[in-house]
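Here is how the chains run, residue by residue.
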Amino acid sequence: MSKTQTIVVFSGAGMSAESGIKTFRDVDGLWENHRVEDVATPEAWLKNPNMVTKFYNERRISIIEATPNEAHFAITKLESISNVDIVTQNIDDLHERAGSTSVHHLHGNIRYSKSSGPNQEREYYRIDGFELTESDVCPEGFRLRPHVVWFGESVPAFENAAAILEKADVLIVIGTSLQVYPAAGLIDFAQNAAHKFIIDPKADILSVPDDYRRVSAKATEGMLGFFDEIKNMLSDE
Ligand code: APR
C-alpha cells in the first residue's frame with residue numbers, strides 16, 4: 001500500500017441521493033418542481049434574481065439539514081490508504097462534512113456566494129446561515145448570487161479538474177448520468193493504465209469505455225466492500 005498512489009472520485013447527484021437530496025434526471029424532468037431554465041440560468045437571474053435567490057435558499061436549507069451517507073464516509077476512509085482527490089459535480093458539501101480533505105467543486109458550492117458583477121470568479125464568500133438576501137453585495141456593490149455554475153455558463157474549475165483526473169491511479173465514477181458537458185468529458189482525461197470503476201444503479205447502460213468495471217448499485221451498497229478491494233489492489237502494485 002502506498003500513499004504515492006492516487007484515488008480520484010468523480011461524483012454526481014446520485015452520490016447524495018441516499019442523503020435525501022434529489023438527483024436531476026431521475027424523475028420528471030423538473031428540478032424540485034422547477035424547469036431548470038427558470039432557476040438555473042443567467043437569464044433567470046437577470047429576469048428574477050429574487051426568485052432565483054429564494055430557490056437556492058431553499059436548496060441550501062435542505063442541504064444543511066441533510067447528512068452525509070455511508071458512501072461519503074467510505075470515500076473519506078480511503079484516505080487512510082491512498083491520496084484521495086474528489087471532483088464533484090454536486091453543489092452540496094456532504095463530502096467535506098464526511099471528512100474528505102480534498103474536494104473540488106466543478107459546479108460550485110451552495111454554501112458560498114459570489115459577485116454577480118464582472119469579477120465573479122475572483123472571490124467566494126461563505127454564507128453564514130441559510131440565506132442570501134437582496135442586500136448582500138460584493139465590495140464593488142454588485143449583488144451576491146449563489147456560487148453555482150448555471151446552464152450556459154463556463155466551468156472555470158474544469159482545467160484543474162482535468163489535471164486531477166489525469167493523475168488517477170484508480171478512478172471511481174459514482175452517481176452521475178454523464179449527460180452534462182463539459183463535466184462528462186472529464187472521464188476522457190484518465191490514463192489508460194488507471195483502474196476505473198463506475199458505481200450507479202444504471203451502470204450497465206451508462207456511456208463509459210470498455211475498461212470500466214460497472215458496479216450496478218446504489219452508492220452506499222456499491223462502496224461496501226470496496227475499501228478492502230482497493231486496498232488489495234494498491235498493495236499488489
Ligand atoms: N446511488 C448512486 N447513484 C444513483 C443513486 C444512488 N442512490 N440514485 C440515482 N443514482 C444515479 C442515477 O442512476 C443517475 O445516473 O445518479 C445519476 C444522477 O444523474 P443526474 O441526475 O443527471 O445528475 P448528474 O450527473 O450529477 O448531473 C450533472 O447536471 O443539472 C446539472 O449541474 C447539474 O451537476 C449537475 C449536472
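Predicted, not measured: the structure shown is a model, and the values here were computed from it.

*Asks:* It is not clear to me how the site of the ligand should be interpreted in this structure. Could you clarify?
*Replies:* Close to the ligand lie 21 residues, the nearest being F24, R25, T176, S177 and D200. F24 has a polar backbone atom sitting 2.7 Å from an oxygen atom of the ligand. Burial of the ligand by the surrounding chains reaches 93%, relative to a free accessible area of 730 Å². Comparing atom positions with the cavity grids shows the ligand to sit within the largest pocket. Considered class by class, the residues forming the shell around the ligand number seven nonpolar, eight polar and six charged.

*Asks:* Even after reading the chapter, I still don't get the environment of D188, so can you show me in this structure?
*Replies:* Residue position: D188 is located in the loop between β7 (170–174) and β8 (195–199). Separated by 20 residues in the primary sequence, D188 and V208 have C-alpha atoms spaced 9.3 Å apart.

*Asks:* Looking at this structure, how should I read the sheet that holds strand β9 (residues 212–215)?
*Replies:* The strands making up a sheet associate through hydrogen bonds between their backbones, and the pairing can be parallel or antiparallel. Across the sheet, six strands lie side by side as β3-β2-β1-β7-β8-β9; this open sheet has parallel pairing. Edge positions in the open sheet fall to β3 (103–105) and β9, since each of these has one partner strand only. When the angles between neighbouring strand axes are averaged without regard to direction, this sheet yields 20°. For strand β1 (residues 6–11) and strand β2 (residues 83–88), the ladder comprises six bridges, and the chain directions are parallel. Of the residues in β2, the one forming a bridge with V9 is I86.

*Asks:* Explain the pattern of salt bridges here, please?
*Replies:* Side chains that differ in sign of charge can pair as their charged atoms come close. Evaluation of the coordinates by the stated rule reveals ten salt bridges. Between E153 and R145 there is a salt bridge; the shortest N-O distance is 2.9 Å. Take R145: its relative accessible area is 3%, and that puts it in the buried class. Three or more residues joined by partner-sharing salt bridges are found here, namely R35, E37 and D38.

Reading the values: rules and limits
- Residues numbered from 1 in each chain as written.
- Predicted model: local features only at pLDDT ≥ 70, side-chain atom pairs only at ≥ 80, totals over all residues.
- Heavy atoms only, no water.
- Near = heavy atom within 4 Å.
- Polar contact = N/O pair within 3.5 Å; in protein donor to acceptor, adjacent residues only side chain to side chain.
- Areas by Shrake-Rupley, 256 points an atom, 1.4 Å probe, with all protein chains shown as cover.
- 1 Å grid on protein atoms, 1.4 Å probe; cavity = no way out; pocket = protein on both sides within 12 Å on 5 of 7 lines; lining within 4 Å.
- Sits in = over half its atoms within 2 Å of the grid points.
- Nonpolar A, V, L, I, M, F, W, Y, C, P; charged D, E, K, R; others polar.
- Helix = DSSP H or I, 4+ residues; strand = E, 2+ residues; numbered from the N terminus.
- Pairing = 2+ DSSP bridges.
- Axes fitted to C-alpha atoms, helices over the stretch in contact; angles between N-to-C directions.
- Salt bridge = Lys/Arg side-chain N within 4 Å of Asp/Glu carboxyl O.
- Buried < 20%, exposed > 50% of the residue type's maximum accessible area, 1.4 Å probe, protein only.

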